[in-house]
Structures are given as C-alpha cells and as structure tokens.
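# Tertiary structure, described
Single-letter residue listing:
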Amino acid sequence: MTEEVRAGAATGTVVRTDDGWPVSPSRVPTSVDRTMSRLPRARVVVLSVVVLVLVACAAYFGWDRGVGPVESVAAPTAKPSPTPGPPALRDLMPPNVRIGSAVNGQMLASDARYRETLSSQFNAVTSENAMKWTILEPKRGVYDWSASDQFVDFAKANGQAVYGHTLLWHSNTPVWVTESWSPEQLRAVLKQHITTVVSRYRGKIWAWDVVNEVLAEDGSLRDSLWLRKLGPRYIADAFRWAHEADPDARLFINDYGTEGRTRKADGLLRLVKELRAGGAPVHGVGFQSHIRLGAPPKDAAGNLRRFAALGVSVAITELDVRIPLPVTTQKLLDQALLYQHMLKACLAVATCESVTLWGFTDVSSWIGSHYPGYGAACVFDEEFAPKPAHGALAQELSARKSASPN
Ligand code: XIL
C-alpha cells in the first residue's frame, strides 16, 4: 500500500471511539473549543503543548491497537462499556445467501481485530492462498496442512461455511509438476492431488472452486500445461474426481472478467453447458468480480440469470472494487455503489448462493501489490473502520430485511 492510500483511506477525518469505531461528528464534544476561546493566548500555547505531549505518549504506549507487542499490553481491570460496532452483514443476509470473505493466513494468525471482524461480519470464508496447490503440496507427495487446517478450524469455531479455493489453477501449479512428463503421468498426479485434498476435508467444505480461470479472454480455453498435455477433458475429469472424493460438496467453475456480458462470459456459458451435457458434476459458476472503479460489469444481473437458466447455482466469489489513487470521498461513494450493485445482482437471482469479498480490510488486500496505482478496494479501511461500501451493503440488506422479515 502506498502512503497516498493510507492517507486517503478515510482515516484522516474520521473520529473514533476508544474501541476504534467511527462516531458521527455530532457526538464529538465541543466544550474544549469553548474553553480554549476564554483563555489568554500564552496559556493556550502552554496548554496545547501539554495536550500534544500527552497525546503522543498515549499513542506510543497503547492507543494503537495494531498487530504486535501492543496487543500484549495488560487488559484494563474495569470492563469498558460496550460500544456498538457496525451492523453485522451476516445477520442481515437472506437465509439462503451467504456473505463471505477471503481470509489472509498471516492476519488470521496474528491479529485479533482481524479475527473479530471476520467472525462477526461473515458467515462464509475462502482461503486466499492456503488451499492452493503450491502451498498444500510443496514437494511431490509431501503435504503441509498447517495453514489450511487452521483456516478450516477457525471457520468451524465461528459457524462459517468453508469455500475451498482452488484445486486446479494455471497460476499456482508447483514447480515440481513438469511438462516433460507423459500425459498419463500428469493425469495421475492431478487426480492424486485433487483426491487427497478433497478427501481430507470431506464433509467440512460447503463448496470447491474445482477449476480456476480456465478461459482465455476471447472465451476459448486458456492455453495451459493442462490443456496442452491432457486436452480439454481435464476439466470434466477434475470435476468427477472431486465429486468422487466428496459427493456432498458443491462444485464450482470460477473465473474473472465474466461477471458482465463479455466474450469471455459467452465462452464460459458454452463451456458450462457442454460440461453438464457431458455429465460432469458442475453445480455452480463463480464470478470473481475484481472490479475497477469506473468500469462496472455490463448487465451483471442479466448475465448471472442466463447462467442460472442452465440449472446451476451462481456466486460472486472474489468481489473487490479497486480505486485509482489518490482516494477521495467521491471515489469512496462511487465504490459503495458498485459494491451495492453486485450484491443486488446476486440477490436478483434465485440460485445465487453467496457474495464473497476478496478480503475485507485495506490493510491486507492483494490490490496494493498486484495493481500499482490502485488501492482501498475493500469495505473496511486499514484501521478496520467501515467505509461507505460497508454502509451501502448493510443498508441494502436492512431495507430488504424490513420489507420481508422472514
Ligand atoms: C491472489 C491472492 O489474493 C494473492 O495474495 C496471491 O499473491 C495471488 O493470488 N483470482 C484468484 C485468486 O482466483 O486466487 C487470486 O488471489 C486473485 C485473482
């Protein structure tokens, strides 16, 4: 993240309670200003210096509630009176639709604020990286389950459904998988990986992204190791192997640039139709929805509907809205509208199963490192304060909930 994002991500003007939640300006006491105006100038200067020193000391010794040693500061003896946090999105969702977030493994392990917001706001989680092939099987046949187990355990403890991401992706194939193998060898390795991973979490996973990003921008199949060596059937095979290993898991095909009506989306539609006609257990289509501010997907609701008409579920799987820097208040409001737009698109389709955000706080979003010049893509800022985008989601959901409480 750049300094500009830090400065711009709605932290400058927001006033917070001791708990970190922003309060409206009308709740900020103004008596200090009034007292100051009655004092002689010299005393005002001395008083200001004293106040500045006190504020600096307080900030240094513990107002900052970030990661690290500050967290180990002894808990206060008297329990502070509870301050209401932002509305929990998970409590506002319609019963048949989940609200999820991608989970950053490092933050999960080290930051209590992260865990608290993740568990209170979301009823579904996707591992941002922990279930990718390179992480799970760094050497052939040698699995490291530590990060993924921790993630699955956290979800269970907090009543969250687990969305597994992802069994097969051109971008995350370990280096030990080599193109010099024969097609038979490669197929056996792929089958082994999918079977091992899905079996380990059998019964604990709500849905799997079986294949990720298998399409090229023009809607044809992406040129990859798998396509070159195994031919197009590798996709249906992956679905069959996953289904055999966990017959109850929902199986999704996931891609980007398909959330609106694009050539790629047309190609995805054709592919899903073919796969299902051939008997492959494809239960759902995931639309990543990494959106750039100012570039809304074309007719997202209509696009989701045409997939649903094939008889599959749909899901928004990786929603974020990146802002070209610097961040301004107007851009944050425009971002809020796009988040709301995508939520509405999902809720407009009867078989939309979930809206998942690709991270919920700007402090750990992937955008900073992958899209130079962009940032502030999430619904909470770097201090875990809700942004207008969070308000827009909560408001949309609340309005619907009061219109049909059941
Ligand atoms: C990204 C992660 O967020 C990054 O931390 C990682 O460095 C690269 O992958 N589409 C996907 C996700 O399906 O797996 C990607 O996640 C973002 C794009």
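Residues numbered from 1 in each chain as written. Predicted model: local features only at pLDDT ≥ 70, side-chain atom pairs only at ≥ 80, totals over all residues. Heavy atoms only, no water.

### Thoughts on helix α13 (residues 300–308)
- Of all the 9 residues making up α13, 7 are buried; the element is thus mostly covered by neighbouring parts of the structure.
- Of the positions making up α13, those classed as buried are Ala300, Gly302, Asn303, Leu304, Arg306, Phe307 and Ala308. (Buried < 20%, exposed > 50% of the residue type's maximum accessible area, 1.4 Å probe, protein only. Helix = DSSP H or I, 4+ residues; strand = E, 2+ residues; numbered from the N terminus.)

### A few points about empty space enclosed by the protein
- Per the counting criterion, the structure on display carries 1 cavity of 30 Å³ or more.
- In this model, the largest cavity occupies a volume close to 50 Å³.
- If you go around the largest cavity, the residues you meet are Leu168, Trp169, His170, Asn212, Glu213, Val214, Arg222, Ser224, Trp226 and Tyr234.
- A class-by-class count of the residues in the lining of the largest cavity yields 5 nonpolar, 3 polar and 2 charged. (1 Å grid on protein atoms, 1.4 Å probe; cavity = no way out; pocket = protein on both sides within 12 Å on 5 of 7 lines; lining within 4 Å. Points joined across faces, edges and corners; volume = space filled by probe spheres on them. Nonpolar A, V, L, I, M, F, W, Y, C, P; charged D, E, K, R; others polar.)

### Brief notes about the packing of aromatic side chains
- Overall, the coordinates contain 13 aromatic pairs when judged by the stated rule.
- Relative to Trp176, the ring of Trp133 has its centre 6.1 Å away and its plane inclined at 80°; by these criteria the two rings are edge-to-face. Of this pair, Trp133 sits in helix α7 (residues 133–136) while Trp176 is found in the loop between β5 (161–169) and α9 (183–200), placing the two residues 43 residues apart along the sequence. The pair formed by Trp133 and Trp176 is uniform in burial state, with each residue classed as buried.
- Taken together through their ring pairs, the aromatic side chains of Tyr114, Phe122, Phe360, Phe380 and Phe384 make up a single cluster.
- When the ring centre of Trp206 is taken as reference, the NZ or CZ atom of Arg98 above it lies at 4.6 Å.
- Geometry around Tyr374 places Arg322 over its ring, the cationic atom sitting 5.6 Å from the centre. (Phe/Tyr/Trp six-rings, centres within 6.5 Å; stacked < 30°, edge-to-face > 60°. Lys NZ or Arg CZ within 6 Å of the ring centre and 35° of its normal.)

### Some remarks on the state of the cysteines
- All chains considered together, the criterion is met by 1 disulfide.
- Here Cys346 is linked by a disulfide to Cys352, with a sulfur-sulfur distance of 2.1 Å. The sign of the S-S torsion, about -105°, decides the handedness of the disulfide formed by Cys346 and Cys352: left-handed.
- For Cys352, a relative accessible area of 2% gives the class buried. (Disulfide = S-S within 2.5 Å.)

### Quick look at the packing of helix α12 (residues 263–277) against α13
- Running from N to C, α12 and α13 point in directions that differ by 15°, and their axes come no closer than 10 Å. The angle between the axes of α12 and α13 places the two elements in the roughly parallel class. The two elements α12 and α13 meet at a crossing, and its hand is right-handed. Across the interface between the two elements, Ala265, Asp266, Leu268 and Leu269 of α12 pack against Asn303, Arg306 and Phe307 of α13.
- Each residue belonging to the contact of α12 with α13 can be placed in one class, and the counts come to 4 nonpolar, 1 polar and 2 charged. (Axes fitted to C-alpha atoms, helices over the stretch in contact; angles between N-to-C directions. Parallel < 35°, antiparallel > 145°, perpendicular 65-115°, else oblique. Left-handed = near helix turned anticlockwise from the far one by under 90°. Contact = heavy atoms within 4.5 Å.)

### Here we look at the site of the ligand
- Surveying the vicinity of the ligand reveals 13 residues, the closest of which are Glu128, Lys132, His165, Asn212 and Glu318.
- Asn129 is positioned with one of its side-chain polar atoms (N or O) 3.0 Å from an oxygen atom of the ligand.
- The side chain of Glu318 places a nitrogen or oxygen atom 2.8 Å from an oxygen atom of the ligand.
- Looking at the shell around the ligand, its residues break down into 3 nonpolar, 6 polar and 4 charged. (Near = heavy atom within 4 Å. Polar contact = N/O pair within 3.5 Å; in protein donor to acceptor, adjacent residues only side chain to side chain.)

### Overview of the confidence of the model for the protein
- Put simply, the protein has an average pLDDT of 85, and 79% of its residues get 70 or more.
- In the model, residues 1–77 has pLDDT below 50 throughout and makes 72 contacts with residues more than four positions away in sequence or in other chains. (pLDDT = per-residue confidence, 0-100.)

### Digging into the pattern of salt bridges
- Enumeration over the complete set of coordinates arrives at 14 salt bridges.
- As a salt-bridge pair, Lys264 and Glu217 come within 3.4 Å of each other at their nearest N and O atoms. Separated by 47 residues along the polypeptide, Lys264 in helix α12 and Glu217 in the loop between β6 (207–212) and α10 (225–230) bring together distant segments of the chain.
- A relative accessible area of 1% means that Lys264 is categorised as buried.
- The partly exposed category is assigned to Glu217, whose relative accessible area is 49%.
- Two residues, Asp237 and Arg240, come together in a salt bridge whose shortest N-O distance is 3.5 Å. (Salt bridge = Lys/Arg side-chain N within 4 Å of Asp/Glu carboxyl O.)

### Some details on the side chain of Glu396
- In this structure, Glu396 sits in helix α16 (residues 388–403).
- In this structure Glu396 touches Gln340, Leu343 and Lys344, once residues within four positions along its chain are discounted.

### Comments concerning unusual backbone geometry
- In this structure, Thr166 follows His165 across a cis peptide bond, with omega equal to 0°.
- Of note, Thr166 is situated in strand β5.
- Going from Leu325 to Pro326, the amide bond is cis rather than trans, its omega being 5°.
- Position of Pro326 among the secondary structure elements: in the loop between β10 (313–324) and α14 (329–347).
- With phi around 60°, Glu213 is a residue other than glycine that occupies positive phi space.
- Mapping Glu213 onto the fold places it in the loop between β6 and α10.
- Even without a glycine there, the phi angle at Ser289 is positive, about 70°.
- Residue classification places Ser289 among the buried residues on the basis of a relative accessible area of 0%.

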